[in-house]
Amino acid sequence: FSVSANLYAGSHEADGMNNDDGSVASTSSVRLSAAKANIAKFLGSLTGNKETDGFILEHGRPFIGIKRPEGFRRGPRKACYLNSYDLITRPGVTYCEGFAIGNSLEFHHAWITRDGEHAIDVTLSASQDHSYFGIEFRSDQFEQFAISRMKDRYMRPILGDPVDDQLRNFLRDMSVATPLDAKTS
């Protein structure tokens with residue numbers, strides 16, 4: 001199976017799009033709908049757990065992969081959660097977790113963002129060739145939450161298998177970004 005590398009298939013680059021009823025849909029809502037429709041076809045096969053995939057789909061949003069900016073070095077392979085976590089103390093950097101989707105390859109992954117729209121991947125070599133869909137953890141309490149999930153300096157996925165009550169409570173209580181609030185805040 002394969003999720004299209006272009007999560008935004010069918011999206012429009014204009015500021016808005018006319019709906020059948022004459023109303024105007026924002027580009028971000030169109031992109032979100034297109035991304036969710038593409039990902040929904042593969043629930044259960046991205047993280048290996050249907051509940052976790054559904055949780056990411058419900059709470060996540062698309063991110064655009066970009067070339068790593070100057071000052072962001074590539075970290076060790078297969079250590080995306082720790083590579084991304086290690087950068088959250090930088091001003092304006094936020095941890096994200098969900099799915100990375102490339103040419104015929106999709107997987108559970110972590111990256112960072114500075115603007116809530118672009119994925120800065122400090123693990124993969126060609127992040128600009130990937131699309132990303134996930135949850136942005138914008139909370140002052142995220143660092144402590146992440147530490148509580150570490151074991152022997154091994155950073156486990158925040159969106160673990162299965163999604164537990166600790167994560168559900170954190171998302172509810174700590175104002176984690178929801179799919180469209182990057183555009184409305």
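This section reports on the structure supplied with the text.

Thresholds, definitions, all that
- Residues numbered from 1 in each chain as written.
- Predicted model: local features only at pLDDT ≥ 70, side-chain atom pairs only at ≥ 80, totals over all residues.
- Heavy atoms only, no water.
- Helix = DSSP H or I, 4+ residues; strand = E, 2+ residues; numbered from the N terminus.
- Contact = heavy atoms within 4.5 Å.
- Areas by Shrake-Rupley, 256 points an atom, 1.4 Å probe, with all protein chains shown as cover.
- Buried < 20%, exposed > 50% of the residue type's maximum accessible area, 1.4 Å probe, protein only.
- Core = buried A, V, L, I, M, F, W, Y, C linked by side-chain atoms within 4.5 Å.
- Pairing = 2+ DSSP bridges.
- Salt bridge = Lys/Arg side-chain N within 4 Å of Asp/Glu carboxyl O.
- Phe/Tyr/Trp six-rings, centres within 6.5 Å; stacked < 30°, edge-to-face > 60°.
- Lys NZ or Arg CZ within 6 Å of the ring centre and 35° of its normal.

1. Points about the overall build of the protein
A tally of regular secondary structure across the protein gives 6 helices and 7 strands. Ordered by position in the sequence, the α and β elements of the protein form the string β-β-α-α-β-α-β-β-β-β-α-α-α. Restricting to contacts in the protein with at least 6 residues of sequence separation, those with at least 24 account for 66%. On the protein, roughly 9500 Å² of surface is accessible, and the fraction owed to carbon and sulfur atoms is 48%.

2. Re unusual backbone geometry
In this structure, K78 takes a positive phi of about 60 degrees despite not being glycine. Residue K78 is classed as exposed on the basis of its relative accessible area, which comes to 80%.

3. Quick look at the nonpolar core
Grouped together as the largest cluster of nonpolar side chains are 29 residues, with contacts concentrated most on Y85, Y95, F137, F142, I158 and L167. For this core, the secondary-structure elements that each account for two or more residues are α1 (27–40), α2 (50–59), α3 (80–85), β4 (94–102), β7 (131–137), α4 (142–148) and α5 (165–173). The biggest single contributor to this core is α3, with 4 residues. In terms of nonpolar packing, the next biggest core, distinct from the first, is built from 8 residues, C96, A100, F107 and A119 among them.

4. Notes on the pairing of strand β3 (residues 61–66)
The pairing of β3 with β7 spans 4 bridges and is classified as antiparallel. Looking at the pairing, I64 lines up with S131 of β7. The sheet contact formed by β3 and strand β6 (residues 118–120) spans 3 bridges and is parallel. Residue pairing in the sheet places G65 in a bridge with A119 of β6.

5. A look at the pattern of salt bridges
The full count for this structure, using the stated rule, is 1 salt bridge. For E136, the salt bridge identified is with R61, shortest N-O distance 2.1 Å. With E136 in strand β7 and R61 in strand β3, this pair connects stretches of sequence that are 75 residues apart. On the accessibility criterion, E136 (3% relative accessible area) is buried. Classification of R61 as buried rests on a relative accessible area of 5%.

6. Description of the packing of aromatic side chains
With the rule as written, the count across this model stands at 5 aromatic pairs. Their ring planes at 25 degrees and their centres at 5.0 Å tell us that Y95 and F142 sit as a pair that is stacked. Of the two residues, Y95 is situated in strand β4 and F142 in helix α4; the sequence distance between them amounts to 47 residues. As far as burial versus exposure is concerned, Y95 and F142 are alike and both buried. Following the ring pairs from residue to residue traces out a cluster consisting of F63, W111 and Y132. Over the face of the ring belonging to F72 we find R90, whose NZ or CZ atom lies 4.5 Å from the ring centre.

7. Describing the environment of F133
Its location among the elements puts F133 in strand β7. As for F133 and H59, which are separated by 74 residues in sequence, their C-alpha atoms are 9.9 Å apart.

8. Notes on the environment of W111
Relative to the helices and strands, W111 is located in strand β5 (residues 105–113). Along the backbone, W111 and S127 are 16 residues apart, and their C-alpha atoms lie at a distance of 9.6 Å.

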